[in-house]
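In case you want the letters, here they are:
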Amino acid sequence: SENILVADVFSFNVKDHDGDVVEKKLTIRIEKPVGPGPEDFPSALVREKGLFSGDGSNTCELRAPEGYAIQGVSGAQYGAVANNNGVWTYTLSAAVAHPAQGEDSIQDVLQVVLHSSVGLIYRTSMAVEIIDDIPAISLQEQEVTVFAGDTLEKPAESLFWGYGADGPAESSAFSVN
């Protein structure tokens, strides 16, 4: 195996008083240490809505598995990575085209260099999950009484909408029934 650094076999013979012999072999292998994989990282997620709302949810902290420290990060496709005094962050830069509305299946896979507590260096990857935002619409109901011949001076309802980080479609329309 490519992970084996050193292997040695020791043979032992044990003979008792009446001449019975038992032969045994002891195999010792020293293998390369295996660092953490992508599944070992704490979850990292950002929300597209943070691009539009300014609530900071489009930024997350990148944390190493226990016993390791992040030494470097590269390969961000949809955002930017920064190191501020040992605190690594990922910031989503723009809305991402998701395969279907509201699907949270997009990930930005980062290449990470880790340093173990005993001085070993590992190269691996970790994923940042990108949560899709969807447009929102709400009605604020107001009660209005109108009599025959009166003029309606205020709207019966106020309509609020937000397109979110993705912005409006090329043709956005809604109707009132």
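Up top you'll find the structure we're talking about.
Residues numbered from 1 in each chain as written. Predicted model: local features only at pLDDT ≥ 70, side-chain atom pairs only at ≥ 80, totals over all residues. Heavy atoms only, no water.

**Things to note about the sheet that holds strand β9 (residues 121-131)**
The test is simple: Only when DSSP finds a minimum of two bridges between them are two strands counted as paired. Numbering of helices and strands runs from the N terminus, with a helix taken as a DSSP run of H or I at least four residues long and a strand as a DSSP run of E at least two residues long. Axes, fitted as lines to C-alpha atoms, cover a helix only where it is in contact. Angles between the N-to-C directions of the axes lie from 0 to 180 degrees.
Strand order in the open sheet formed by four strands is β3-β9-β8-β5, with mixed pairing between adjacent strands. Every other strand in the sheet has two partners, leaving β3 (45-47) and β5 (68-74) as the edge strands with one partner each. The mean angle between the axes of side-by-side strands here comes to 35 degrees, regardless of whether they run parallel or antiparallel. Pairing between strand β8 (residues 106-116) and β9: 10 bridges, direction antiparallel. Bridge pairing in β9 places L110 opposite M126.

**A word on the sheet that holds strand β4 (residues 59-62)**
Read across the sheet, three strands follow the order β4-β7-β6 without closing on themselves; strand pairing throughout is antiparallel. Every other strand in the sheet has two partners, leaving β4 and β6 (79-84) as the edge strands with one partner each. The mean angle between the axes of side-by-side strands here comes to 25 degrees, regardless of whether they run parallel or antiparallel.

**Observations concerning the environment of N13**
In plain terms, the rule: Each residue is placed in one exposure class: buried if its accessible area under a 1.4 Å probe, protein chains only, is under 20% of its type's maximum, exposed if it is over 50%, and partly exposed if it falls in between. Note on contacts: a residue pair qualifies if any of its non-hydrogen atoms lie within 4.5 Å across the two residues.
Within the secondary structure, N13 sits in strand β1 (residues 4-15). In this structure N13 comes out as exposed when scored by relative accessible area, which is 57%. In sequence terms N13 and E23 are 10 residues apart; their C-alpha atoms lie 4.5 Å from each other. Apart from the residues lying within four places of it in its own chain, the contact partners of N13 are V21, V22 and E23.

**Notes on the pattern of salt bridges**
Operational definition: Salt bridges are identified by distance alone: a Lys or Arg side-chain nitrogen within 4 Å of an Asp or Glu carboxyl oxygen.
This model, assessed by the stated rule, comprises two salt bridges. Between E31 and R29 there is a salt bridge, and its shortest N-O distance comes to 3.6 Å. Overall, the relative accessible area of 43% leaves E31 in the partly exposed class. Judged by its relative accessible area of 53%, R29 falls in the exposed class. Between D55 and K49 there is a salt bridge, with its nearest N and O atoms 3.4 Å apart. Classification of D55 as partly exposed rests on a relative accessible area of 42%. For K49, a relative accessible area of 40% gives the class partly exposed.

**Notes on the environment of R47**
The residue R47 is located in strand β3 in this model. The spacing of R47 and N58 is 11 residues in sequence and 4.9 Å in space, taken between C-alpha atoms. The contact partners of R47, leaving out residues within four places of it in the chain, are S57, N58, L92 and I131.

**Quick word on the environment of V21**
Along the chain, V21 turns up in strand β2 (residues 21-31). For V21, a relative accessible area of 46% gives the class partly exposed. Setting aside residues up to four positions removed in sequence, V21 forms contacts with N13, V14 and K15.

**Examining the nonpolar core**
A general tendency of soluble globular proteins is for nonpolar side chains to be buried together. Threshold: Throughout this description, the term nonpolar core refers to a set of buried Ala, Val, Leu, Ile, Met, Phe, Trp, Tyr and Cys residues connected via side-chain atoms within 4.5 Å.
Judged by nonpolar contacts, the single largest core of 19 residues is most densely connected at L62, I70, Y90, L110 and V128. For this core, the secondary-structure elements that each account for two or more residues are β4, β5, β7 (87-92), β8 and β9. If sequence neighbours within four positions are ignored, V128 has contacts with A44, L45, V46, C60, L62, Y90, I106, Q107, D108 and L110.

**Overview of the packing of aromatic side chains**
Rule in force here: For Phe, Tyr and Trp, where Trp contributes only its six-membered ring, two rings pair if their centres lie within 6.5 Å, and the inter-plane angle classes them as stacked under 30 degrees, edge-to-face over 60, or tilted in between.
In total, this model carries one aromatic pair according to the counting rule given. Each ring, one from Y68 and one from Y122, has its centre 5.9 Å from the other, and the planes form 75 degrees; the classification is edge-to-face. Of the two residues, Y68 sits in strand β5 while Y122 sits in strand β9, which places them 54 residues apart along the sequence. Residue classification places Y68 among the partly exposed residues on the basis of a relative accessible area of 26%.

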